[in-house]
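Spelled out, the chains give:
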Amino acid sequence: MVTQAGQEALEYAGLKAFEGRAAATTGEGRDPVNAPMIRHWCEAMGDTNPAYEGPDAIAPPTMLQAWTMAGLSGYAGRAGAYDDLLALLDGAGYTSVVATDCEQEYLRPLRPGDAISFDAVIESVSPLKTTKLGTGHFVTTRMDVRAGRELAGTLRFRILKYAPAARGAGRSGAGGAPDASKKLRPRPVVNRDNAGFWEGVTEHRLLIQRCRGCETLRFPWLPGCNACGGRQWDTVRAGGEGTVFSYVVMHHPPFPAFDPPYAVGLIELAEGVRIVSNVVGVAPDKVRIGMPVRLEFMRADAELELPVFRALEGGEA
Ligand code: ZN
């Protein structure tokens, strides 16, 4: 007779055997390191570091993975042990996956002209772990990126392959009381960088950060200024006028605290910064880009008030 612990040990031995195996066959970067890709990356990131320009330019270190990417057409015949491992985990019931973290290590700068090669191994498979999401195994893959034959950097990716925790426990069955906490909106994550914003909300003030150095406004709240890097800031109170810069109407998936369909807008405040919030006072299908809106504060529940934006045209919902 096989106990559950014995079954798990047997299962883990099978998974552990994947450690050290090639996750995929070795690859060559599609293009050598080159100035146009560096320029596009820097433009997209807003990174104006002079080290990435000119005759002695290096590539931004965080581009490491970009040089290994195949683009839409993919690399032919790159299937490796990784797919087999995932299939095994699927078969054992760990059908869900979430990427948990990524580490990068830079050993040598990459320069235009460097030819890239890379390989990836399954570095480790953890014993069975139970997390808030469910029970499963963490799988770490390591990709080594080389310029010529020299190791330039290493990327580690970790995923959790897991069996989702049972949902709705206590909600089904005769007489099962609904779990009230499931019907509350998610709580904001308040930390030292954004606490002032949430204090403002409790006083019905929508506060925008302003850099003390260059006076650039920023939202959402951040520890430093994107324009000048300055770390000193104060705040300005938003006047409350805005327009819908963009929006989506949520239909699916349903979340217990929300009643679909509802509109989520990216609101451009008169001050110039944008905030994601609900658009209220109008049927979701009447929300339009450019629609004028005005700030108000909505009590979501006993502990939570939120800034929302009321449509100033389009009629009542
Ligand atoms: Zn600044």
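Scoring rules and cut-offs
- Residues numbered from 1 in each chain as written.
- Predicted model: local features only at pLDDT ≥ 70, side-chain atom pairs only at ≥ 80, totals over all residues.
- Heavy atoms only, no water.
- Helix = DSSP H or I, 4+ residues; strand = E, 2+ residues; numbered from the N terminus.
- Rg over C-alpha atoms; globule rule 2.2 N^0.38 Å.
- Buried < 20%, exposed > 50% of the residue type's maximum accessible area, 1.4 Å probe, protein only.
- Contact = heavy atoms within 4.5 Å.
- Areas by Shrake-Rupley, 256 points an atom, 1.4 Å probe, with all protein chains shown as cover.
- Donors = N, O, S within 2.8 Å, 3.2 Å for Na, K, Ca; no water.
- Tetrahedral: all angles 85-135°; square planar, octahedral: opposite > 155°, others 65-115°.
- Domains from an automatic or database assignment.
- Pairing = 2+ DSSP bridges.
- Axes fitted to C-alpha atoms, helices over the stretch in contact; angles between N-to-C directions.
- pLDDT = per-residue confidence, 0-100.

## Thoughts on the overall build of the protein
Consideration 1: Broken down by element type, the protein carries 4 helices and 14 strands.
Consideration 2: Against the globule reference of 20 Å for 317 residues, the protein gives a C-alpha radius of gyration of 25 Å, more extended than a compact globule.
Consideration 3: With the principal axes as the frame, the protein shows a C-alpha extent of 70 × 60 × 35 Å.
Consideration 4: Split into buried and exposed, the 317 residues of the protein put 33% on the buried side.
Consideration 5: Across the protein, contacts joining residues at least 24 apart in sequence account for 63% of those joining residues at least 6 apart.
Consideration 6: Of the roughly 18500 Å² that the protein leaves accessible, carbon and sulfur atoms contribute 55%.

## Details of the coordination of the zinc ion
Consideration 1: In this structure, Cys211 (SG), Cys214 (SG), Cys225 (SG) and Cys228 (SG) serve as the protein donors to the zinc ion, at separations of 2.2 to 2.4 Å.
Consideration 2: Geometry at the zinc ion is tetrahedral, judged from its 4 donor atoms and the angles of 99 to 117° they form at the metal.
Consideration 3: In primary sequence terms, the donor set of the zinc ion follows C-x2-C-x10-C-x2-C.
Consideration 4: The class of Cys211 is buried, set by a relative accessible area of 1%.
Consideration 5: For Cys214, a relative accessible area of 34% puts it in the partly exposed group.

## Overview of the domain arrangement of the protein
Consideration 1: On domain assignment, one finds that the protein holds domain 1 (4-164) and domain 2 (195-311).
Consideration 2: Between the C-alpha centres of domain 1 and domain 2 there is a distance of 36 Å.

## Quick notes on the sheet that holds strand β11 (residues 262-269)
Consideration 1: Pairing within the closed barrel is mixed, and its 5 strands lie in the order β10-β11-β12-β14-β13. Geometrically, the sheet is characterised by an average inter-axis angle of 45° between neighbouring strands, direction not taken into account.
Consideration 2: Sheet topology note: the strand β12 (residues 274-280)/strand β14 (residues 304-311) ladder contains 2 bridges and is parallel. Pairing of Val279 across the sheet is with Phe309, part of β14.

## Quick word on the confidence of the model for the protein
Consideration 1: Within the protein, residue pLDDT values average 89, and 91% of them lie at 70 or more.
Consideration 2: For the protein, per-element mean pLDDT is lowest for strand β1 (residues 22-28), which scores 78, and highest for strand β7 (residues 207-211), which scores 98.
Consideration 3: Confidence drops under a pLDDT of 50 for residues 168-180, and excluding neighbours within four residues, the segment shows 8 contacts in the predicted structure.

## What to know about the pairing of strand β13 (residues 292-301)
Consideration 1: Relative to β13, strand β10 (residues 241-250) runs antiparallel, the two being bridged by 3 bridges. Note that in β13 the partner of Thr243 across the bridge is Pro292.
Consideration 2: Alignment of β13 against β14, held across 8 bridges, turns out to be antiparallel. Among the inter-strand pairings, Arg299 is bridged to a residue of β14, identified as Glu305.
Consideration 3: Between the antiparallel neighbours β13 and β14 lie 2 residues.

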